[in-house]
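# A closer look at the structure
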Amino acid sequence: MFAIIETGGKQYRVAPGDAVSVERLPSEPGATVEFDRVLLISNDGDVKIGAPAISGAKVLAHVLEQGRGKKITVFKYKAKSNYRRKTGHRQEITRLRVTEIVGG
């Protein structure tokens, strides 16, 4: 059984027991979060597709930790004008463990 959820402007394929990193959520470690924007649920070949979301469906997850992602380098460069800017960025993330998928 798996579901496709949307959070933080991105879509994630999740199944019970999966650990997934999503955009930062305002929850403390140990809390339970509920995603009600479920786009698809598949249960052994039985597929439910929402338009755009399945009403009554939700995915429950347990917050493992709040953290920051891998550092990326942003380098701006313009040829022949001696213009160079180097900065870095680390996205804030929330690590989740999916516990249950409730079909609508």
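Look a little higher up for the structure.
Residues numbered from 1 in each chain as written. Predicted model: local features only at pLDDT ≥ 70, side-chain atom pairs only at ≥ 80, totals over all residues. Heavy atoms only, no water.

### Details of the packing of aromatic side chains
Enumeration according to the criterion identifies zero aromatic pairs in this entry. Here arginine 13 stacks its cationic end above the ring of phenylalanine 2, 3.9 Å away from the centre of that ring. Just above the ring of tyrosine 83 sits the side chain of lysine 78; from NZ or CZ to the centre is 5.5 Å. (Phe/Tyr/Trp six-rings, centres within 6.5 Å; stacked < 30°, edge-to-face > 60°. Lys NZ or Arg CZ within 6 Å of the ring centre and 35° of its normal.)

### Details of the pattern of salt bridges
Side chains that differ in sign of charge can pair as their charged atoms come close. Taken as a whole, this structure holds four salt bridges when the rule is applied. Between glutamate 23 and lysine 10 there is a salt bridge whose closest N-O contact spans 2.7 Å. Of the two residues, glutamate 23 sits in strand E3 (residues 19–23) while lysine 10 sits in strand E2 (residues 10–14), which places them 13 residues apart along the sequence. A salt bridge links arginine 24 to glutamate 92; the shortest N-O distance between them is 3.3 Å. Residue arginine 24 is found in the loop between E3 and strand E4 (32–35), and its partner glutamate 92 is found in strand E10 (residues 92–102); the two are separated by 68 residues along the sequence. What makes glutamate 92 partly exposed here is its relative accessible area of 35%. (Salt bridge = Lys/Arg side-chain N within 4 Å of Asp/Glu carboxyl O. Helix = DSSP H or I, 4+ residues; strand = E, 2+ residues; numbered from the N terminus. Buried < 20%, exposed > 50% of the residue type's maximum accessible area, 1.4 Å probe, protein only.)

### Some words on the sheet that holds E2
Strand order in the open sheet formed by four strands is E2-E1-E5-E6, with antiparallel pairing between adjacent strands. The strands lining the two open edges of the sheet, one partner per strand, are E2 and strand E6 (46–49). Taking the axes of each pair of neighbouring strands and ignoring which way they run, one obtains an average angle of 15° across the sheet. (Pairing = 2+ DSSP bridges. Axes fitted to C-alpha atoms, helices over the stretch in contact; angles between N-to-C directions.)

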